[in-house]
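# Structural characterization, general
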Amino acid sequence: MSKSKVSAISASVVAALAPSIGHSADMPKAAQPASPAPAVVANPFDVSVEGGLVFSDYSQAVNSEVYGGSAAKLGITAKDLGGYGSISIGRKIENSDFDWKVGASVTQFMDNKLGAGYNYLYAAEDANLTSSSGFQSVDLDLGHRFNNGMLTGRVFAGVRAMHEADKTDINGTVKLGPYLVSVEEKINHQFYGAGPRVGADVRFGQTFGFVSSVSAAAIYGQHQWADNLHLNYSISDGYNTYSLSSSTDLSTVTEMDWMTDLTGSVGASYKPSENMEFVVGYRAEKLQKIQTVQQNDELVQGPFVRFDVKF
């Protein structure tokens, strides 16, 4: 076949296929499958973890009783120091503005040790006092959420159960010439109770904001006191020492009564997302009519940090 005929055939084939090639080039490319949207929890759990330092002066009342008006002169004014921690979990009730929450908290102070001594000619006296205190609570409540622009919050009502325990140990010696008396007294108090609790939590702001909370509980329960005194008498004639010991339960008392628990806090908030929040603030809690060994009311306060997360 001649070259002219081959060229003619090739040209005719190209001309016949041209419309199809152009049409294929104009066709849109197949769409790529879309990436799956991130899963969104429609009704997440709210978890809050909080902790901080606590300060009080519960030991100062019994301190004054033991050492009298000279306590301040002797420099016996150390504050009671401890720690506080709490955790709670809650969730919104479906198709409503109500939610539920359960929580627990622990406040515990370190042992506070104080001492004083007196010497005068042939007489000498010294005393040492060790006191400690702590309490725990468990909460269950039902709340209602509200949202008004930058102001959001929650009001709630529920019940609080509480246990408190405190003790004071007094050790002292009195010496007069050859006579020596050692005194050891142990005073313990405990409270168990439960009762209604109401309160509110509010926040003002967006990414950064201010938070505040307040609550009050009236708790009915049982107080238990126990006071044991141990005495050891000894006398020395320079060659021999003669001793006599005795132990007595001065009192064991059980009583039912009401006490109140008032709590308030303020703080600064940083909320990087809807599911996370950090808070730094200051809180105070007052147990009224707790009737501890040291005093009738106990005020606990200090700085705290909190982390809230939804999942």
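Refer to the structure printed above.
Residues numbered from 1 in each chain as written. Predicted model: local features only at pLDDT ≥ 70, side-chain atom pairs only at ≥ 80, totals over all residues. Heavy atoms only, no water.

Quick look at the overall build of the chain now. On a plain count of helices and strands, the chain comes out with 2 helices and 11 strands. Each helix and strand of the chain, ordered N terminal to C terminal, gives the series α-β-α-β-β-β-β-β-β-β-β-β-β. A total of 311 residues make up the chain; the buried ones form 33% of that total. Taking all contacts inside the chain whose residues are at least 6 apart in sequence as the whole, residues at least 24 apart take part in 67%. (Helix = DSSP H or I, 4+ residues; strand = E, 2+ residues; numbered from the N terminus. Buried < 20%, exposed > 50% of the residue type's maximum accessible area, 1.4 Å probe, protein only. Contact = heavy atoms within 4.5 Å.)

Right, let's talk about the packing of aromatic side chains for a bit. The full count for this structure, using the stated rule, is 4 aromatic pairs. The ring of Phe45 carries the charged tip of Arg91 above its face, separated from the ring centre by 4.2 Å. Between Arg283 and the ring centre of Tyr84, over which it is positioned, the NZ or CZ distance is 3.8 Å. (Phe/Tyr/Trp six-rings, centres within 6.5 Å; stacked < 30°, edge-to-face > 60°. Lys NZ or Arg CZ within 6 Å of the ring centre and 35° of its normal.)

Next up on the list: the nonpolar core. Of all hydrophobic cores here, the largest spans 13 residues; its most connected members are Met162, Ile219, Met259 and Leu287. For Ile219, the contacting residues outside a window of four places in its chain are Arg160, Met162, Phe191, Gly193, Ala194, Gly195, Asp257, Trp258, Met259 and Asp261. (Core = buried A, V, L, I, M, F, W, Y, C linked by side-chain atoms within 4.5 Å.)

Strand direction decides the pairing type here: strand E2 (residues 80-92) and strand E3 (residues 98-109), joined by 11 bridges, are antiparallel. When the bridges of E3 are listed, Gly85 appears paired with Val106. Here E2 folds back onto E3, and the loop between the two strands holds 5 residues, one of which, Asn95, carries a positive phi near 60°. (Pairing = 2+ DSSP bridges.)

The next subject is the pairing of strand E11 (residues 298-310). Pairing between strand E1 (residues 45-56) and E11: 8 bridges, direction antiparallel. Within E11, the position partnered with Val47 by the bridge is Val309. Two strands pair when backbone bridges link them, and strand E10 (residues 276-288) and E11 are joined in this way by 12 bridges, in the antiparallel orientation. If you follow Ala284 over to E11, its bridge partner there is Gln301.

Within the secondary structure layout, Asn112 lies in strand E4 (residues 112-120). Residue Asn112 is classed as buried on the basis of its relative accessible area of 7%. The spatial distance from the C-alpha of Asn112 to the C-alpha of Ser131 is 5.2 Å, given a sequence separation of 19 residues. In this structure the side chain of Asn112 is engaged in a polar contact, spanning 2.5 Å, whose partner is the side chain of Asp80. (Polar contact = N/O pair within 3.5 Å; in protein donor to acceptor, adjacent residues only side chain to side chain.)

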